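Listed below, chain by chain, are the residues.
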Amino acid sequence: MKRKREIKTWSREIVVGAIKNSFIKLNPLYMYKNPVMFVVEVGTFITLLATIFPTYFGSTPDEVGYNALVTFILFVTVLFANFAESLAEGRGKAQAETLRKTKKETMAKLVQSDGSIKIVKSSELKKGDIVICEAGDIIPADGEIIEGLAAIDESAITGESAPVIKEAGGDFSSVTGGTKVISDRIKIRVTVDEGESFLDRMIKLVEGAKRQKSPNEIALTTVLVSLTIIFIVVVMTLYPMAKFVHVRISAATMIALLVCLIPTTIGGLLSAIGIAGMDRVTRFNVIAMSGKAVEAAGDIDTILLDKTGTITFGNRLAADFIPVGGHSKEEVTYYALISSLKDLTPEGRSIVDLARKMGAKAPDDILEGAEVVEFSAETRMSGLNLKDGTIVRKGSYDKVKEYIGEKGGSIPDDLDKEVEKISLLGGTPLVVVKDNEVLGVIYLKDTIKPGMKERFKQLRAMGIKTIMITGDNPLTAKTIAEEAGVDEFIAESKPEDKINVIKREQAQGRLVAMTGDGTNDAPALAQADVGLAMNSGTMAAKEAANMVDLDSDPTKIIEVVGIGKQLLMTRGALTTFSIANDVAKYFAILPAIISETLPAIKVLDVMKLSSPTNAILSALIYNAIIIPILIPIAMRGVKYRPMSANALLMRNLLIYGLGGLIAPFVGIKLIDMIISSIFGM
Amino acid sequence: MGEEIKRTIKFTLVFMVLLGLVYPFVMTGIANLLFPYQAKGSIIKVDGKPVGSELIGQKFTDPRWFMGRPSAVDYDATSSGGTNYALSNPKFHEELEKNIEEFLKKNPGVKRSEIPADIVTSSGSGLDPHISPKAAYLQVKRVAKVNGLPEEVVKKLVDKNIEGRFLGLFGEPRVNVLKLNLSLLEEIKKHKK
Amino acid sequence: MYSNIELFTMIAIIVLLTKPLGTYMYNIFEYKPMRSDKIFLPVENFIYKITGINPEEEMDWKKYALTFLLVNMVMMIITYFILRVQQFLPLNPTGAKNMESSLAFNTVISFMTNTNLQHYAGEDGITFLSQMIVIVFLMFTSAASGLVTAAAIMRGLSKKTTNLGNFYADFVRITVRLLLPISMLATLILVWQGVPQTFAGKVVVDTLEGGKQTIITGPVAVLESIKHLGTNGGGFFGANSSHPFENPTWLTNMIEMLLMMLLPTSLIYTYGLMINNKKHALVLYISLFVIFILLAVGAVYAENHPGVAYSKLHIYGKPYGNYEGKEVRFGVSQSPLFATVTTAFTTGSVDSMHDSYTPLGGAVPLILMMLNTIFGGDGAGLQNIIMYTILTVFLTGLMVGRTPEYLGRKIETKEIKLIALAILVHPFLILFSSALTVMLKVGASSVTNPLYHGLTQVLYEFSSAAANNGSEFAGFIGNTVFMNIMTGLVMFFGRYITIILMLAVAGSMAEKIPAPPSPGTFRTDNAIFGAIFIAVVLIVGALTFFPAVILGPISEFLSMT
């Protein structure tokens, strides 16, 4: 059972906190970090002055009401943007809160240099200290098991309730502070100082306390700032040019025009999109060390996957029953079933499942009085001696051959051929024997996890190349690779192969992602652009990676890529929307400004707005309320389904590009109708 | 840096000589060899004396000649240019009204609605050698009358002097005023004999 | 109808010439062996020898940019002094005086930056020697400068080395192998059609009416050919290509248009070859032609339907077309076509007076200069196209869920900063200087037409300067100290900031390892990209200049209905 990490965006707590924060963020020292909204704030201040001292700002005293309205709308615009950011942060904080609850002050059994045990507070532990944990203890700090083996409940961090086995040495030796020992006793060497534990860093990350703008966010901000400067120039120069042709523009109107034109929609939502993107990764139980890592995930061109455990289950499962020597398929299926009834290995169980699926049925009383022959390394055969004296066995080809020879049976001519065929396919043959007769062969095969094939297909559609890494021989590797549909495979791989493949791909300009858990994966995880470490893995792997999957599910890398793409898409879509919006705003505001001097300009007023003042106010109101309207999209991300870039582009262009052109025409007209009917202005 | 600047200056001077002196002089030589008439300005000579360039418009005010378009530089070929009036400029309207009035006065019998725009607007260069065929035909009656020639003859002169569209597709139909007046002059001489 | 035939004939000719000429330029830029090496190599080696240039030396973007700047500066300084003392030098049959300092400042910047805004009158303001060693010389070298910097940028986007080539060697090759041969051929065709090429300055004739007419001739044809081939635009005479000696027939009119279009269009093919992505180049090529054709047809329509300004005169036609400021041999259709070509291809020569165009007809060249990317001038145009392409990729590329990449190279903060700055320069220069001019009496006094059209005159002047176009609303009084300095600075910054920023972008992109395209890559070689590119060019342009265009030409148009 996974504990749900869903946190409601609109919970009362978060919303109230966000509202409060939107006011706190009005502090210019803070606003300055968001240049687009900072311009709006400065504009608000100027219109406020224009409300108080209208004549100094090109307004007549009877325009005070209008100036005040503009001021108010601008103020609300800034608040809306702050609210979006605060809301996203609030969600992060709520996530962090649930994590923090697991970080309780506990008592630790510190092993002192003389071997005696001293009880200390967990917060007093230092890197290098050795502690002992017994069943029922909470592990006081991140560390490595140096002695013993234990079952550990990691549900506090992963949400996974099934305990995991950890032991000294090897790849399953690291433990996380806050998790609970369920059985046995272990000695742990503490690997981090207080406040730097894995949990601490996770909390900081999700809280956004250490949030830095990611590279793409900085680049996009640059473009938005550039657009903002252009529009400041446009609006500032408009004044003297308008004056030259006898058109009067008040300061409030100029600022209204400016605010409508600068990309406030994306400017107001940009940081919320970034925070929400990280948050989506977190909700997926993956901790990203930086926003950069999430962005890089969207750019991934190549994914390196371990075969065992990622692509396949790692166990060989029955795939078919092949009769030989003139026996029927039903016969071999039936006896394969009988031979495995008491076989509790995964292989055995899979034989039973498959045989039953294929319609074989063992009599209910078959096990009565039957003798179970267990598998042993020596005989390499297992089966049953039934009550009626029938001997049923399954076993490896050479052992069965020996066995039949001893029993004086004969080997069917086609057995060799079938066995070889299975081997060639990368499978494992198990020969089924009844008494001294060979009935057929069970085809055991390394089975690909359900859904993997579809995922690889999606990845290919997305243009992502998959490379499978396996220790298998090339033949077996090829079979699995073809069946799963990965693009490339590395067979008989040595530890350094991974890093070499990554470097090779990177030299061709590709970005590479990989998953790993072992210590010898660490260099490759560090080299990869996106390294996803399993939480169950070693500390070294986790340190080297830029993402950690708390569920230790290596296939999640695929979803992480999706989230990265969604993050970038959301930015692109809302930027396009924001810029496309400007067209309609021009058509609302410019005719309104000029119509006093040149009534014929009304032909450009395609929305037929009720009055020049209402036109400007409607555009401004639209500009403000579009921010909260789009908050859900910013939080959720635009819809993403794996498909080719072209298909994605078409879709997003239609919705956000064309939509961005049309929406404000409708929106501004609607607002104008409401204003003019309610206020009769 | 000093070395670099020296090199750049040398570079500049070499190209200045090549592009600014060698090339134009060589081209002048070749051009005058191949197209001596055009290279010198397409100067038309009558009895060995230059009377104008076939490409440059000339001023004609005497009613006996076909007249060209109004000129902002008064057909002074030591300068060139147009009025540069905007259509929204009241002066544009005044100027055109004045030109129309003048044309109507000089060409009695012509109706206002017959006047094509080119003959009452100033050209871009102020030296436009052409008028539209329509503007030429409108003047036939007056020119014939003043010179004592039959209208038919004068009309034929215009017919002869119309340069149509190349292949019926390219260019604008036009009449070279100087050439038309030169053929008119010959016609007058012929008539006198 | 005739204008459409002419338009599409020209486009057909250009399309036919694009591939061979584009390939030829590619061979020049890539130093491929050519059959013509036998003729050109000795000339080039001679130049290398006497100037002491090592053509093998490789330059990174900084060195390339610095050399480009240095060469241009030196050329400006030397030509400045020539103009200041021209009356003491030989070949001055028209008796031109030394050029005043602000005018000389303006003139050398104007011609070195490929702008060719002319605040002097060709007939009496400049000597024949200056026409050749200053004007013709700068016309060649400014075109060459634009082309070679474009070549360097193309290399940066396509190569795996950080070196962008050798400025001097590129410059020599493009001049010797491309500009000179085509100019020679064009010169002869122009002379055949009637463009003078002589050193006899004046011809005095006895007119039929008995008066005297002084006709100024000169070495016009050599100037006229490179003026268009090099997308320069400065005329030998004040009236530029409307003067019968500069542009005597419909054929020269067409040839001049073709010369303007020739290199900027072919260069896009060269670009396709350089980046090994001909389809992307084709998409750009078609997209630009779409915008070009739409605006050309619009301008022709406007000049044929001048509306109330003519209809209220009750003369022939309903109305017959706006003939004011136009030549009969070009008519009211080929003239606006020429205006579209000259501003799209950033040349600036005019065969009719744009100031006297209908409001919307005049808005077309204005808008083209504001967009400044519809093919553009030699080399500089492609640089702007690349700038807009990268912006397009960045703005919309995110929508496929990847960090935007162009030609396989990621567009990151560093590049986007440079691009953002480059995009900013053009509107800033135009709007800021226009606003300043209308605010100051010394500026506003240059305006000669009333109200909206007056504003358009100012906007036109600075758009032309910033876009390095050079055409003018000629009623505008350009030759004042204030305007000489203002436009001089605008031309200077408009040219050099953009080129240097783009060289920096190329230098930065050259350092990246290009990723091979995959289905997940944002494609720049299909119709969708073409449509987005058009939209971004038009929307970014519209958003920036819409208010100014509304207050100028559109208000003028509406005030006349």
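Given the structure is predicted, the values throughout are model-derived calculations rather than measurements.

Asks: I'm lost on the overall build of chain B in this one. Help?
Replies: When you go through chain B residue by residue, the secondary structure sums to six helices and five strands. Put simply, chain B runs from its N terminus to its C terminus through helices and strands in the order α-α-β-β-α-β-α-α-β-β-α. In terms of overall dimensions, chain B has C-alpha extents of about 80 × 50 × 35 Å along its principal axes. Going through the 193 residues of chain B one by one, you find that 47% of them count as buried.

Asks: How do you make sense of the overall build of chain C when you look at a structure like this?
Replies: Counting its secondary structure elements, chain C contains 18 helices and six strands. For 561 residues, the compact-globule formula gives about 24 Å, and the C-alpha radius of gyration of chain C, at 23 Å, lands near that figure. Seen through its C-alpha atoms, chain C measures out along the principal axes to roughly 75 × 60 × 45 Å. Out of the 561 residues in chain C, the part that is buried amounts to 68%. Put simply, of all contacts in chain C between residues at least 6 apart along the chain, 79% involve residues at least 24 apart.

Asks: How should I be thinking about the interface of chain A and chain C in this particular structure?
Replies: Interface size is commonly expressed as the accessible area that is lost once the parts come together. Counting residues at the interface gives 60 residues for chain A and 52 residues for chain C. Every element with two or more residues in the side of chain A that touches chain C is listed here: helix 7 (215-244), helix 10 (291-299), helix 20 (556-594) and helix 22 (645-679) of chain A. Per-element accounting of the side of chain A that touches chain C gives the leading share, 17 residues, to helix 7 of chain A.

Asks: How do you make sense of the arrangement of the chains when you look at a structure like this?
Replies: Across the two pairs of chains in contact, the largest number of contacts is found between chains B and C. The smallest C-alpha distance separating chain A from chain B is 14 Å, and no contact links them.

Asks: Before we go on, may I ask you to explain the sheet that holds strand 5 (residues 174-176) of chain B in this structure?
Replies: Within a sheet, neighbouring strands are paired by backbone hydrogen bonds and run either parallel or antiparallel to one another. Residues and elements named next belong to chain B. Taken in spatial order, the three strands make up an open sheet running 3-5-4, and their pairing is antiparallel. Each edge of the sheet is formed by a strand with only one pairing partner; in this case those strands are strand 3 (130-131) and strand 4 (162-163). Note that strand 3 and strand 5 share two bridges and pair antiparallel. Residue pairing across strands places His-130 opposite Asn-176, the latter belonging to strand 5.

Asks: What is the right way to read the sheet that holds strand 18 (residues 488-490) of chain A from this model?
Replies: All names here are of chain A. What the seven strands build is an open sheet, ordered 9-21-20-19-10-17-18; its pairing is mixed. Two strands lie at the open edges of the sheet, namely strand 9 (286-288) and strand 18, each paired on one side alone. Taking the axes of each pair of neighbouring strands and ignoring which way they run, one obtains an average angle of 20 degrees across the sheet. Summarising the sheet, strand 10 (residues 302-306) and strand 19 (residues 512-516) pair through three bridges and their orientation is parallel. In the sheet register, Ile-303 faces strand 19, and the bridge partner there is Ala-513.

Asks: Just checking my understanding: could you explain the UniProt feature "transmembrane region" in chain B for this structure?
Replies: In this numbering, the UniProt entry assigns the feature "transmembrane region" to residues 11-31 of chain B. In this annotation, residues 11-31 of chain B is assigned 100% helix and 0% strand; the end-to-end C-alpha distance for the span is 28 Å.

Asks: Before we go on, may I ask you to explain the interface of chain C and chain B in this structure?
Replies: With 96 residues of chain C in contact, the opposing surface of chain B contributes 87 residues. Broken down by class, the residue content of the side of chain C that touches chain B amounts to 56 nonpolar, 29 polar and eleven charged.

Asks: What is the right way to read the pairing of strand 16 (residues 437-448) of chain A from this model?
Replies: Side-chain direction in a regular strand flips from residue to residue, so the side chains alternate between the two faces of the sheet. All names here are of chain A. By the criterion of burial, strand 16 is predominantly enclosed, with nine of the twelve residues buried. Here strand 15 (residues 428-434) runs beside strand 16; their pairing, made up of seven bridges, is antiparallel. Paired with Val-433 across the bridge in strand 16 is Val-438. Taking the residues between adjacent antiparallel strands as the criterion, strand 15 and strand 16 are bridged by two residues, where Asp-435 takes a positive phi near 55 degrees.

Asks: Honestly, the confidence of the model for chain C in this entry has me stumped. Any pointers?
Replies: In the predicted model, chain C carries a mean pLDDT of 94, and the fraction of residues at 70 or more is 100%. Predicted complex metrics record ipTM = 0.96 and pTM = 0.89.

Asks: I'm lost on the packing of helix 11 (residues 329-340) of chain A against helix 12 (residues 346-357) of chain A in this one. Help?
Replies: Two quantities define a packed helix pair, namely the angle between the helix axes and the distance between the axes. Residues and elements named next belong to chain A. Helix 12 packs onto helix 11 with a crossing angle of 140 degrees between their chain directions and a minimal axis gap of 9 Å. Between helix 11 and helix 12 lies a crossing of left-handed hand. Taken together, the residues of helix 12 that come into contact with helix 11 (itself represented by Thr-333, Ala-336, Leu-337 and Ser-340) are Gly-348, Ile-351, Val-352 and Ala-355.

Asks: How do you make sense of the domain arrangement of chain B when you look at a structure like this?
Replies: Taken domain by domain, chain B consists of domain 1 (1-40) and domain 2 (47-192). Each of domain 1 of chain B and domain 2 of chain B was reduced to a C-alpha centroid, and the two centroids are 40 Å apart.

Asks: Quick question: what am I supposed to make of helix 6 (residues 167-193) of chain C here?
Replies: One turn of an α-helix holds 3.6 residues; hence residues three or four places apart share an orientation. All names here are of chain C. Its 27 residues give helix 6 an end-to-end C-alpha distance of 37 Å, which sits within 8% of 39 Å, the value for a rise of 1.5 Å per residue. For helix 6, a buried count of 19 out of 27 residues is recorded, marking the element as mostly surrounded by other parts of the structure. In the stretch just after helix 6, Gly-194 is the one whose phi turns positive, near 120 degrees.

Asks: Teacher, can you tell me more about the environment of Val143(B) here?
Replies: All names here are of chain B. Summarising the element assignment, Val-143 is placed in helix 4 (residues 133-147). Judged by C-beta crowding, with 24 C-beta atoms within 10 Å, Val-143 ranks as buried. If near-sequence neighbours (up to four positions away) are discounted, Val-143 is found in contact with Arg-64, Phe-66, Val-154 and Leu-184.

Asks: Would you mind showing me how to read the nonpolar core here?
Replies: Considering soluble globular proteins, one finds that nonpolar side chains tend to be buried as a cluster. Formed by 416 residues in total, the largest nonpolar core has its most connected members in Ala84(A), Ala272(A), Ala513(A), Ile589(A), Leu620(A), Leu503(C) and Ala506(C). Counting residues per element, this core draws most heavily on helix 20 of chain A, at 22 residues. Excluding its chain neighbours within four sequence positions, the residues that come into contact with Ala84(A) are Gly268(A), Leu269(A), Ala272(A), Ile627(A), Ile631(A) and Ala634(A).

Asks: Looking at this structure, how should I read helix 10 of chain A?
Replies: Of all the nine residues making up helix 10 of chain A, eight are buried; the element is thus mostly covered by neighbouring parts of the structure. Of the positions making up helix 10 of chain A, those classed as buried are Gly291(A), Ala293(A), Val294(A), Glu295(A), Ala296(A), Ala297(A), Gly298(A) and Asp299(A).

Asks: Just to check I follow, could you spell out the packing of helix 20 of chain A against helix 22 of chain A for this structure?
Replies: Residue and element names in this part refer to chain A. Put simply, helix 20 and helix 22 touch, their axes get as near as 8 Å, and they point 35 degrees apart. In terms of crossing hand, the pair formed by helix 20 and helix 22 is right-handed. Of helix 22, the residues touching helix 20 (which contributes Met-569, Ala-573, Thr-576, Phe-577, Ala-580, Asn-581, Val-583, Ala-584, Lys-585 and Ala-588) are Asn-652, Tyr-656, Gly-657, Gly-659, Gly-660, Leu-661, Pro-664, Phe-665 and Ile-668. Within the contact of helix 20 with helix 22, the residues separate by chemical class into twelve nonpolar, six polar and one charged.

Asks: Would you take a moment to explain the pairing of strand 1 (residues 107-111) of chain A for this structure?
Replies: Residue and element names in this part refer to chain A. Along strand 1, the buried face is formed by Ala-108 and Leu-110; none of Met-107, Lys-109 and Val-111, which line the opposite face, is buried. With five bridges connecting them, strand 1 and strand 2 (residues 117-121) associate as antiparallel partners. Across the sheet, Ala-108 pairs through a bridge with Val-120, a residue of strand 2. Between the antiparallel neighbours strand 1 and strand 2 lie five residues, among them Gly-115 with a positive phi of about 95 degrees. Sheet topology places strand 1 next to strand 3 (residues 130-134); three bridges connect them, and they run antiparallel. Each residue of the ladder has a partner; that of Val-111, found in strand 3, is Ile-130.

Asks: I would appreciate a short explanation of unusual backbone geometry in the present structure.
Replies: Residues other than glycine predominantly adopt negative phi, and peptide bonds predominantly adopt the trans conformation. Here Glu492(A), not a glycine, exhibits a phi torsion of approximately 45 degrees, which is positive. On the basis of neighbour count, Glu492(A) is assigned to the exposed category, with 12 C-beta atoms found within 10 Å. Phi angles above zero are rare outside glycine, and Leu167(B) is one such case at about 60 degrees. Examined against the element boundaries, Leu167(B) turns out to sit in the loop between strand 4 and strand 5.

Asks: Please explain the environment of Ser464(C) as it appears in this structure.
Replies: All names here are of chain C. Relative to the helices and strands, Ser-464 is located in helix 16 (residues 451-466). Separated by 29 residues in sequence, Ser-464 and Ala-435 place their C-alpha atoms 15 Å apart. Residues contacting Ser-464, with those up to four places away along its chain left out, are Leu-117, Gly-348, Met-369, Asn-469, Gly-470, Ser-471 and Glu-472.

Calculation notes
- Residues numbered from 1 in each chain as written.
- Chains lettered and ligands numbered in written order.
- Predicted model: local features only at pLDDT ≥ 70, side-chain atom pairs only at ≥ 80, totals over all residues.
- Helix = DSSP H or I, 4+ residues; strand = E, 2+ residues; numbered from the N terminus.
- Buried ≥ 20, exposed ≤ 12 C-beta atoms within 10 Å, placed from the backbone.
- Rg over C-alpha atoms; globule rule 2.2 N^0.38 Å.
- Contact = placed C-beta atoms within 7 Å.
- Pairing = 2+ DSSP bridges.
- Axes fitted to C-alpha atoms, helices over the stretch in contact; angles between N-to-C directions.
- UniProt positions renumbered as here; feature names shortened; annotations may be inferred.
- Nonpolar A, V, L, I, M, F, W, Y, C, P; charged D, E, K, R; others polar.
- pLDDT = per-residue confidence, 0-100.
- Left-handed = near helix turned anticlockwise from the far one by under 90°.
- Domains from an automatic or database assignment.
- Expected span 1.5 Å × (residues − 1).
- Core = buried A, V, L, I, M, F, W, Y, C linked by C-beta atoms within 7 Å.

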